[in-house]
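So the chains spell out like this:
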Amino acid sequence: MSGRVAAGAAAACAAFALALAQDVLPGAAFYHGWQYALLLAAALAVVAASIVSDLRAGNRWAALAFAGALLAGVAGLGSGLLGPDTAAVIGTPGTVAPIPALGAAAFFGAADAPAIARGDASIVLRRPGKPALEVTRSGHVLDGESILGLDARPAAFIDAWDDHGAHLTITQPSNASFLSPVLLFRQRQKIGQFDVPFDIFGTPGRARIFHALFFTPRDLANFRHAVADTSRPALILTASDDSGKPLGIALAPSGQLVELGGVRVRATLGTFPALTIASVPPLWTLAGGLALAVLGLAGHALSARRRTPRAIQPAGI
Amino acid sequence: MSLALLAGGCYSAPDPAAVAAGGPATLAGAPAQSFDLQRTDGEVDSLARHRGSVVLLNLWATWCPPCREELPVLEQFARAYAGRVVVLGVDQGESASVARDFARARGVTYPMLVDLNEQYGRAYQGLGLPTTVIVDRDGHVVRGIDGALTLAQMRAAVAPVLAKR
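Overview of the structure. (Residues numbered from 1 in each chain as written. Chains lettered and ligands numbered in written order. Predicted model: local features only at pLDDT ≥ 70, side-chain atom pairs only at ≥ 80, totals over all residues. Heavy atoms only, no water.)

### Here we look at the overall build of chain A
Helix and strand content of chain A: six helices and 15 strands. Relative to a compact globule of 317 residues, whose C-alpha radius of gyration would be 20 Å, chain A shows 29 Å and is clearly more extended. Burial statistics for chain A: of 317 residues in total, 50% are counted as buried. Element-wise, carbon and sulfur atoms account for 61% of the exposed surface of chain A, whose accessible area totals about 15300 Å². Charged side chains in chain A number 24 positive and 19 negative. The centres of these two groups are separated by 14 Å. (Helix = DSSP H or I, 4+ residues; strand = E, 2+ residues; numbered from the N terminus. Rg over C-alpha atoms; globule rule 2.2 N^0.38 Å. Buried < 20%, exposed > 50% of the residue type's maximum accessible area, 1.4 Å probe, protein only. Areas by Shrake-Rupley, 256 points an atom, 1.4 Å probe, with all protein chains shown as cover. Lys, Arg positive; Asp, Glu negative; His and termini not counted. Charge placed at Lys NZ, Arg CZ, Asp CG, Glu CD.)

Now the structure itself:
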């Protein structure tokens, strides 16, 4: 194998691998960066040069094989350069989020406290005239030029009672879902060495506002002051009244009842998924490219065998 | 590179960031979600159990001042439209005893669901309380309205649905 052919083959393999990576390991920001585009463009330039060279030399089958790599690589480059960046659609459990760009609505399953603790909720995508598409945490779903997956995000299901034991309405004045006991921690806050998920909820029946910081068991183990139970996640809750007057702070381990600001609060912590949507090269371009490559290689091998002169049979003695 | 740009230009990959804003008004035409819940009288009820009737679903809570003002108006509407419109109250997140005592003290007679987990509030994307949702006989949302309504506004909200046979 000459150096030119070896370089062409390596570039073709690289083009295939880089394009296929978007489907196999979807959602990486790298695919939309200049480094990825430069790598793929360099590989494609070598592949294109190999096609020209093979056509001039009359190696049409080899040129066909390289054309397959070119097709897949161009699709990968197009998806990386022009496809939208990976996005996450965050929805409150039990709600529907329209996604006009997909012509679909995402149904976020209704999740109670045990479901949040298990973190096994799924999201169903419904489109008119098409079967429903369920996205579970076990894998990704390919949908045309998009690949859908789940991103498990921290979540808390809040129950609260007043001092007479009456259940209280939970509201989220600063979030899109005003009426929801499920916190989805759309923001983060730096506190000391930690950068942790943060959310706010209220109990208007008792005129209280709570700020909640989410700490994983690993975070808790790194606390300067020893925390008794580091086996489960916990919230640090601060309470204030309607006028903003601070009413105290408490550590609320998952599932444990704590009293703060005259309200008994139980936070069940776990995860709830967001729907991630990443652009990928259309499957037909990868499949078509691979088919061309296999066809070209097979054709090239057969024609090479035909061209090889047969060994001269020795005359009988 | 130009070949890549040419091919890329043909892409119609969606922009996932383009997600519409929520709120009860955006649900018009959508199938109305329903959850089985206990009523303040202990019976199990849901929106779906009233399929075939026009339903005025009212999300409220005892701590909400506009809800408290709206309650007698809703009772008046429920009596005036008895047999034509089902009024279904859904208390958001409070104990059954709290909702029952409050409603009873104000002479409320229409059925009242107790939604401890605020499932209806989430499903109907309540931006605040009260939230009113008009559901047609086929179980589709006709209108979602944020804020307290007057009797005239309630009448106007159900009139087009009642006109359909």
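### Side note on the pairing of strand 15 (residues 263–279) of chain A
Residue and element names in this part refer to chain A. When you tally the buried positions in strand 15, you get 14 out of 17 residues, the bulk of the element. Where strand 1 (residues 87–89) lies against strand 15, three bridges are found, and the strand directions are antiparallel. Bridge pairing links Ala-88 to Thr-276 in strand 15. Sheet topology places strand 7 (residues 146–161) next to strand 15; 16 bridges connect them, and they run antiparallel. Within the sheet, the bridge partner assigned to Ser-146 lies in strand 15 and is Ser-279. Pairing analysis gives four bridges linking strand 14 (residues 257–260) to strand 15, with the strands arranged antiparallel. By the bridge assignment for strand 15, Leu-260 is matched with Val-263. What sits between strand 14 and strand 15 in their antiparallel hairpin is a turn of two residues, with Gly-261 showing a positive phi close to 60°. (Pairing = 2+ DSSP bridges.)

### Quick look at the layout of surface pockets
Residues and elements named next belong to chain A. Space inside the second largest pocket adds up to approximately 290 Å³. Of all the elements, helix 1 (residues 3–24) adds the most residues to the lining of the second largest pocket, at six residues. Among the residues making up the lining of the second largest pocket, the classes are represented as 12 nonpolar, two polar and two charged. (1 Å grid on protein atoms, 1.4 Å probe; cavity = no way out; pocket = protein on both sides within 12 Å on 5 of 7 lines; lining within 4 Å. Points joined across faces, edges and corners; volume = space filled by probe spheres on them. Nonpolar A, V, L, I, M, F, W, Y, C, P; charged D, E, K, R; others polar.)

### Here we look at the pattern of salt bridges
All names here are of chain A. Tallying each qualifying case throughout the model produces eight salt bridges over all chains. The closest approach of N and O atoms between Asp-159 and Arg-266, which form a salt bridge, is 3.2 Å. Taken together, the residues span a long stretch of sequence, with Asp-159 in strand 7 and Arg-266 in strand 15 at a distance of 107 residues. On the accessibility criterion, Asp-159 (7% relative accessible area) is buried. By relative accessible area, which is 30% here, Arg-266 ends up partly exposed. (Salt bridge = Lys/Arg side-chain N within 4 Å of Asp/Glu carboxyl O.)

### Focus: the sheet that holds strand 11 (residues 208–215) of chain A
Residues and elements named next belong to chain A. Judged by pairing direction, the sheet is antiparallel, and its five strands sit side by side in the order 9-10-11-12-13 without closing on themselves. If you trace the sheet from one side to the other, it starts and ends with strand 9 (187–191) and strand 13 (246–253), each paired once. The sheet shows a mean angle of 30° between the axes of neighbouring strands, direction not considered. Direction of pairing for strand 11 relative to strand 12 (residues 234–241): antiparallel, over a ladder of eight bridges. Pairing of Phe-210 across the sheet is with Ala-239, part of strand 12. (Axes fitted to C-alpha atoms, helices over the stretch in contact; angles between N-to-C directions.)

### Brief notes about the pairing of strand 12 of chain A
All names here are of chain A. Taken across its eight residues, strand 12 has seven buried, putting it largely inside the fold. Of the strand pairs in this sheet, strand 12 and strand 13 are connected by seven bridges, and their pairing is antiparallel. Pairing of Ala-234 across the sheet is with Pro-253, part of strand 13. Where strand 12 folds back onto strand 13 in an antiparallel hairpin, the turn is made up of four residues, including Gly-244, whose phi is positive at roughly 90°.

### Focus on the environment of Ala148(B)
All names here are of chain B. Checked against the element boundaries, Ala-148 lands in the loop between strand 7 (141–146) and helix 5 (151–163). Ala-148 sits in the partly exposed class, given a relative accessible area of 41%. Sequence-wise, Ala-148 and Val-90 are 58 residues apart; in three dimensions their C-alpha atoms are separated by 14 Å. Look past the residues within four positions of Ala-148 in its chain and what remains in contact with it is Pro-66, Glu-70, Pro-130 and Gln-153. (Contact = heavy atoms within 4.5 Å.)

### A few points about the packing of helix 1 of chain A against helix 3 (residues 60–82) of chain A
Residue and element names in this part refer to chain A. The geometry of helix 1 relative to helix 3 is characterised by a closest axis approach of 8 Å and an angle of 40° between their N-to-C directions. In terms of orientation, helix 1 and helix 3 fall into the oblique class. The crossing of helix 1 and helix 3 is left-handed. Seen from helix 1, the contacting residues are Gly-8, Ala-9, Ala-12, Ala-15, Phe-16, Ala-19 and Gln-22; seen from helix 3, they are Phe-66, Gly-68, Ala-69, Ala-72, Gly-73, Gly-76, Ser-79 and Gly-80. Here the residues of the contact of helix 1 with helix 3 sort into eight nonpolar, seven polar and no charged. (Parallel < 35°, antiparallel > 145°, perpendicular 65-115°, else oblique. Left-handed = near helix turned anticlockwise from the far one by under 90°.)

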